[in-house]
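Close look at the chain arrangement
These are the residues of each chain, in order.
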Amino acid sequence: MQETLISGFIRSAHAHGDQIAVSAPSGTYTYKELYRRASAIAASLSEFKMADSGLVPILVERDLSAFVGILGILLSGNGYVPISGSFPPSRIATIISDIGAATLLTDSASLPLALEATSSCDSIARILMLDAVNLESSADNPDVDLVLPLEASDNWMPLDVSPDALAYVFYTSGSTGTPKGVKITHNNIVRYINYMSARYELTCSDRILQITDLTFDLSVFEQFMAWKAGCRLYVPSSRDKLGVAKFIKDSKITTSLLTPSMALLMRKLRQLEPGAFPDLLVSLFCGEALHCDVAEAWAEAAPKSIVENIYGPTELVVSCMIHRWDSLYSKKISINNVVPIGQPHEDIDALIIDEAGNILPAGELGELLISGPQTEALGYWRNEEKTREVLVEIPGYNFPCYKTGDLAIQNPQDGLFNWVGRADQQIKYMGHRIELGDIEAAIRRCFDCQQAAIVPWPIVDGQIMGLVAFVEADIDIANERFVATLSKEIPDYMVPKKVIILDRFPVNTSGKVDRPKLKSQLV
Amino acid sequence: MITKAKILEFIIENGGSTDRVEDDTPLFSSSLLDSFTMVSLIMVIESEADITIPPEDITLDNLDSINAILAYCEKST
């Protein structure tokens, strides 16, 4: 049988059935229990006529049910599509309709949101509950059946799934205002997990932190690295972001994968004291620029741990470049105090091109392109046009080259790559990947205005701390109404907390909105 | 001295709304305030109440609502 994303979990369930697979806020499951419960979900899903897409959306809190649901979907031979509870109903409806899903998995905490969101989705026929619920709740949406899973049964044997089938689709912010689904095949994610497993040599005695929102692909690393190694996944409460440092220490976490924002927050909360994390052995950072002072503070807080900056957009399957932090050397070769993103994995090529598409030599700044086995299957769900936009064939490379939109430079001395910025309007804010165009489109939908432009502000120590909206309109829009209205359209983390109304936007010589001039109004 | 009015003023300046915030409304665990706004709020509390909040006291129990903040400051001064 072909190896799929779930194969590692099944092997561990047979080898270490009585070991704890996951410790979450509401309790723990052994591998045996988690497999049994996931089997019930897989058996239930197999009873339904699935959508042709082979994809099942799941809207859950980060707790035990979430892992049962994700494993259940994979066991049933389908791919999973995680949806965040922080998304407003309209965005959830857009995603479910885009997939054309007939079944949505949810838990009782997320059910009210699920019912509201699915009320405008024609494709949805039923909601499968991952925990106990009063079945009459569905009265809010009579077009949808609320169903409970079958009784937990014997271990469900996964069907033989093609390695080219989708393991998951993760939706990310889209520049035109519609989220886009990044497709990842079993083949690609299995190759990645195998590569990283060999690198970090985790064993069943390791303790892995699961802190990332399940709609970020870093969570795929956390879950499936842990379960392949037969070790225990530790899940802190998603509400208590103030207590993560204490959780890492108290749970004796040995492996963590964090966004730099989380480490910066701990530092600002004075929780990154030297020696704070004596049990950590592997500390990884991904998702945004890692600043040298944060990496250094972390290395001192976790004296036994390696600290690595890993880089990669969701499209390239979690990550594809690595740099191990060395307090002397990394700092010396950093640019703008940002830790290098290092070198690509061994079967992957990284290259830099200019705007005309010419390959640049080391030492010159340009756009970072990645070519590797994962780019062959790279694409967006039902969006061939977008897929074609981001891929380019370059002679001499066996695989298509993915245009990351990141600006980078290769160090001529050691060949390491440094991330320098973005070539477009995509930002990372609090670990979230956001297209400014996505927010601007939402503003234009909600308000009677000519134009909107988002300026990340303030920026402290190179880190975006907030978003300000400039709106060209003839009417005044009060801050409170602005925030409340936008919160119904886009996730809270994307809503600018301040709006500035202008009669007319400044434009630059090419007639485009002069963003630097807008920003200068904030200084 | 830190007052309820001062905390509310901070919340509104940072995108909150008076309609949504009661004395017991969760500020942080509800995502009303994001992580870094919480850091700023802690600095405001420290400066207004003239206290230093030790790392072990930076918990939801002490800081997640207007009432919790006022009770914590009263206990610490």
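Keep in mind it's a predicted model, so treat the numbers as computed, not measured. (Residues numbered from 1 in each chain as written. Chains lettered and ligands numbered in written order. Predicted model: local features only at pLDDT ≥ 70, side-chain atom pairs only at ≥ 80, totals over all residues.)

Listed by partner, the interface residues are 14 residues for chain B and 19 residues for chain A. Per-element accounting of the side of chain B that touches chain A gives the leading share, three residues, to helix H2 (residues 35-49) of chain B. Grouping the amino acids of the side of chain B that touches chain A by side-chain chemistry returns six nonpolar, seven polar and one charged. (Contact = placed C-beta atoms within 7 Å. Helix = DSSP H or I, 4+ residues; strand = E, 2+ residues; numbered from the N terminus. Nonpolar A, V, L, I, M, F, W, Y, C, P; charged D, E, K, R; others polar.)

Quick look at the domain arrangement of chain A now. Residues and elements named next belong to chain A. Taken as a whole, chain A is organised into domain 1 (30-185) and domain 2 (426-520). Distance from the C-alpha centre of domain 1 to the C-alpha centre of domain 2: 33 Å. Taken together, the contact between domain 1 and domain 2 spans twelve residues of the former and 14 residues of the latter. Of the residues in the side of domain 1 that touches domain 2, the class split is two nonpolar, nine polar and one charged. (Domains from an automatic or database assignment.)

In summary, soluble globular proteins display a tendency toward joint burial of nonpolar side chains. Residue and element names in this part refer to chain A. One finds Leu34, Ile58 and Leu71 to be the most contacted residues of the largest nonpolar core, which totals 158 residues. Looking at which element gives the most residues to this core, the answer is helix H3 (residues 64-75), with nine residues. Listed in part, the 22 residues of the second largest apolar core include Ile434, Ala452, Leu486 and Val499. (Core = buried A, V, L, I, M, F, W, Y, C linked by C-beta atoms within 7 Å. Buried ≥ 20, exposed ≤ 12 C-beta atoms within 10 Å, placed from the backbone.)

The next point concerns the sheet that holds strand S29 (residues 498-502) of chain A. Residue and element names in this part refer to chain A. Spatial ordering of the open sheet is given by S25-S28-S29, a layout of three strands whose pairing is mixed. The sheet is open, and its two borders are formed by strand S25 (451-456) and S29, each paired with just one other strand. Across this sheet, the average inter-strand angle for adjacent strands is 20 degrees, counted without regard to direction. For S25 and strand S28 (residues 467-472), the ladder comprises six bridges, and the chain directions are antiparallel. Counted as the bridge partner of Ile454 is Ala469 from S28. Helix H13 (residues 436-446) rests against S25 and S28 of the sheet, and its axis sits at about 140 degrees to S25. (Pairing = 2+ DSSP bridges. Axes fitted to C-alpha atoms, helices over the stretch in contact; angles between N-to-C directions.)

All right, on to the pairing of strand S5 (residues 103-106) of chain A then. All names here are of chain A. Of the two faces of S5, the one carrying Thr103 and Leu105 and the one carrying Leu104 and Thr106 are both buried. By the bridge criterion, four bridges tie S5 to strand S6 (residues 126-129) in an arrangement that is parallel. In the sheet register, Thr103 faces S6, and the bridge partner there is Arg126. Taken together, S5, helix H5 (residues 111-118) and S6 form a β-α-β motif whose crossover is right-handed. (Right-handed = clockwise from strand over helix to strand, strands pointing away.)

The geometry of a pair of packed helices is captured by two quantities: the angle between their axes and the separation between those axes. Residue and element names in this part refer to chain A. For the pair helix H6 (residues 186-200) and helix H7 (residues 218-229), interaxial distance at closest approach is 10 Å and the crossing angle is 65 degrees. Here H6 is positioned roughly perpendicular relative to H7, judged by the angle of their axes. Of the two possible hands of crossing, H6 and H7 adopt the one that is right-handed. Residues Ile189, Ile193, Met196 and Ser197 of H6 form the contact with H7, whose own contacting residues are Val220, Phe221, Phe224, Met225, Lys228 and Ala229. Across the contact of H6 with H7, the residue classes break down as eight nonpolar, one polar and one charged. (Parallel < 35°, antiparallel > 145°, perpendicular 65-115°, else oblique. Left-handed = near helix turned anticlockwise from the far one by under 90°.)

Residues and elements named next belong to chain A. When the terminal C-alpha atoms of H3 are compared, their 17 Å separation across twelve residues agrees well with the 16 Å that a helix rising 1.5 Å per residue should span. Across the twelve residues that make up H3, a large majority, twelve, are buried. Looking at H3, one finds that the buried residues are Leu64, Ser65, Ala66, Phe67, Val68, Gly69, Ile70, Leu71, Gly72, Ile73, Leu74 and Leu75. Downstream of H3 by a residue or two, Gly77 has a phi angle that is positive, lying close to 90 degrees. (Expected span 1.5 Å × (residues − 1).)

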